[in-house]
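In case you want the letters, here they are:
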Amino acid sequence: MGGEASLTALKAQSRLACHAARDGVGLKARAAAATRLYARLMNLRGRTVAGYLPIGSEADPRGTMRALCRDNRICVPVVTAKGAPLRFREWAPGCALETGAFGVSIPVDGGWRVPDVLIVPMLGFDAGGGRLGYGGGFYDRTLAGLRGALVVGLALEAQRMDAVPQERTDVRLPWIVTEAGVFGDETLR
Ligand SMILES: Nc1nc2c(c(=O)[nH]1)N(C=O)[C@@H](CNc1ccc(C(=O)N[C@@H](CCC(=O)O)C(=O)O)cc1)CN2
Ligand SMILES: Nc1ncnc2c1ncn2[C@@H]1O[C@H](COP(=O)(O)OP(=O)(O)OP(=O)(O)O)[C@@H](O)[C@H]1O
C-alpha cells in the first residue's frame, strides 16, 4: 500500500478499536469526565459555547451545556454538506430536536451562531492533542476556520492512543478533558 492508503487503513482500524473501547466505559468514569469538563469551563460568561448532542457511547457534555446556558449562549453542530465546515445552531435545554445527517440530533429552529468556545467529540486522542474523529473531516475544517477559539476535546481514558495517525489537515486540540483530568498543551494555544 502507498503512504496515503495505509494511513487511511490505519485510521479505519483505530476507529473500530476506539469505538469498541468507548462502548465499554462505565457510568462512574462518564460522570467523572462530565465533572472535569464543567470544572474547566465553569467560569465562562458571555461566550458562545458549542457543545454537542452525543451519539452512541460518546462522552456526554450536556450537564455542562445546561449549567453554562444561564450565562452563555449554547449551540450544537449541524452538518450542512459533505466537505464543508460544520455550522452551529442555538440550543437550549428541552428545545425541540430533529434528526440530522449521520443520525445526530439538531435543534429544529435555533438561529445560526459562530462559537468562540468548542467542546469537541472524538473517537480517539493522544497526549499530543491528536484527535481521531469519524472521518468526515468536519471538525478539522471547522477548527481551521475558527482561530482564537477555546477548543476542548472531551473523551474517556479508554479512547487514549499512543499516537493518532496524523494527516496534514488534522488539527491538534490544545485542551483534552477525560475522567482522569484536564490536559493542556501550551504550545497549541
Ligand atoms: N455528537 C456528535 N455530533 C456531531 C459529530 C460528532 O462526532 N458527534 N460530528 C463530527 O464530525 C458531526 C457529525 N458527523 C458525523 C460523521 C460520521 C458519523 C458516523 O460515522 N457515525 C457512525 C456511528 C455513530 C455511533 O454510534 O457512534 C455511523 O453512522 O455508523 C457520525 C457523525 C457533527 N455533529
Ligand atoms: N481543512 C481541510 N481542508 C480540506 N480537506 C480536509 C480538511 N480537513 C480534513 N480534510 C479531509 O477530510 C478527510 C477526513 O479527515 P479525518 O480523517 O481527519 O476526519 P476526522 O477528523 O476523523 O472526522 P471529523 O472531524 O468529522 O470527526 C480527509 O481526507 C482530510 O484530508
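This structure is a prediction, so every number in the text was calculated from the model and none was measured.

## Brief notes about unusual backbone geometry
Trans is the common state for peptide bonds, and a negative phi is the common state for residues other than glycine.
Now for step 1: We note that F102 has phi near 65°; this positive angle belongs to a residue other than glycine.
Now for step 2: Relative to the helices and strands, F102 is located in the loop between β4 (97–99) and β5 (105–107).

## Points about the sheet that holds strand β10 (residues 150–154)
Now for step 1: The strand order across the open sheet built from eight strands is β6-β3-β2-β1-β7-β10-β11-β12, with neighbouring strands paired in mixed fashion. Pairing within the sheet leaves two strands with one partner each, and these edge strands are β6 (112–113) and β12 (181–184).
Now for step 2: Relative to β12, strand β11 (residues 175–178) runs antiparallel, the two being bridged by four bridges. When the sheet's bridge partners are listed, W175 is paired in β12 with G184.
Now for step 3: Of the strands in this sheet, β7 (117–121), β10, β11 and β12 are in contact with helix α2 (residues 27–41), which crosses β11 at around 140°.

## What to know about the site of ligand 2
Now for step 1: Near ligand 2, the surroundings consist of 15 residues, among which G133, G136, G137, D140 and T169 are the closest.
Now for step 2: Top contributing element to the shell around ligand 2 by residue count: helix α4 (residues 138–144), with five residues.
Now for step 3: Residues of the shell around ligand 2, tallied by class, amount to five nonpolar, five polar and five charged.

## Some thoughts on α2
Every α-helix winds through 3.6 residues per turn, so residues three or four apart in the chain are directed the same way.
Now for step 1: The terminal C-alpha atoms of α2, which comprises 15 residues, lie 21 Å apart, in line with the 21 Å expected from a rise of 1.5 Å per residue.
Now for step 2: For α2, the complete set of buried residues consists of A33, L37 and L41. For α2, the arc enclosing every buried residue in end-on projection is 60°, short of the 170-degree limit, so these residues lie on one face. Residues L27 and K28 are exposed on α2 and point more than 90 degrees away from its buried face.

## Concerning the confidence of the model for the chain
Now for step 1: Of the residues in the chain, 99% reach a pLDDT of 70 or more, and the chain-wide mean stands at 96.
Now for step 2: Predicted complex metrics record ipTM = 0.93 and pTM = 0.95.

## Let's talk about the nonpolar core
Now for step 1: If you look at the biggest cluster of nonpolar residues, it comprises 36 residues, and the most contacted ones within it are I119, V120 and L154.
Now for step 2: Of all the secondary-structure elements, those providing two or more residues to this core are α2, β1 (48–50), α3 (62–68), β2 (73–78), β7, α4, β10 and β11.
Now for step 3: Apart from the residues within four sequence positions on either side, L154 is in contact with A33, L37, A59, P61, I119, V120, P121 and V177.

## Overview of the environment of L10
Now for step 1: Locating L10 in the fold gives a position in helix α1 (residues 3–23).
Now for step 2: Considering only alpha carbons, one finds L10 and A92, 82 residues apart in sequence, at a separation of 38 Å.

## With respect to the environment of A67
Now for step 1: Structurally, A67 is set in helix α3.
Now for step 2: On the basis of neighbour count, A67 is assigned to the partly exposed category, with 17 C-beta atoms found within 10 Å.
Now for step 3: With 50 residues separating them along the chain, A67 and V117 place their C-alpha atoms 15 Å apart.

## Focus on the site of ligand 1
Now for step 1: Around ligand 1 sit 18 residues, and of these G56, P77, F102, Y134 and F138 come closest.
Now for step 2: Looking at the shell around ligand 1, its residues break down into 13 nonpolar, four polar and one charged.

## A look at the UniProt feature "binding site: substrate" (unreviewed entry) in the chain
Now for step 1: As annotated in UniProt, the feature "binding site: substrate" (unreviewed entry) corresponds to L53 and E58 in the numbering used here.
Now for step 2: With respect to the secondary-structure elements, L53 resides in the loop between β1 and α3.
Now for step 3: Note on L53: 19 C-beta atoms within 10 Å, which makes it partly exposed.
Now for step 4: In contact with L53, not counting residues within four places along its chain, are V76, V104 and S105.
Now for step 5: Relative to the assigned elements, E58 resides in the loop between β1 and α3.

Rules behind the numbers
Residues numbered from 1 in each chain as written. Chains lettered and ligands numbered in written order. Predicted model: local features only at pLDDT ≥ 70, side-chain atom pairs only at ≥ 80, totals over all residues. Helix = DSSP H or I, 4+ residues; strand = E, 2+ residues; numbered from the N terminus. Pairing = 2+ DSSP bridges. Contact = placed C-beta atoms within 7 Å. Axes fitted to C-alpha atoms, helices over the stretch in contact; angles between N-to-C directions. Near = placed C-beta within 6 Å. Nonpolar A, V, L, I, M, F, W, Y, C, P; charged D, E, K, R; others polar. Expected span 1.5 Å × (residues − 1). Buried ≥ 20, exposed ≤ 12 C-beta atoms within 10 Å, placed from the backbone. Arc of directions from axis to C-beta. pLDDT = per-residue confidence, 0-100. Core = buried A, V, L, I, M, F, W, Y, C linked by C-beta atoms within 7 Å. UniProt positions renumbered as here; feature names shortened; annotations may be inferred.

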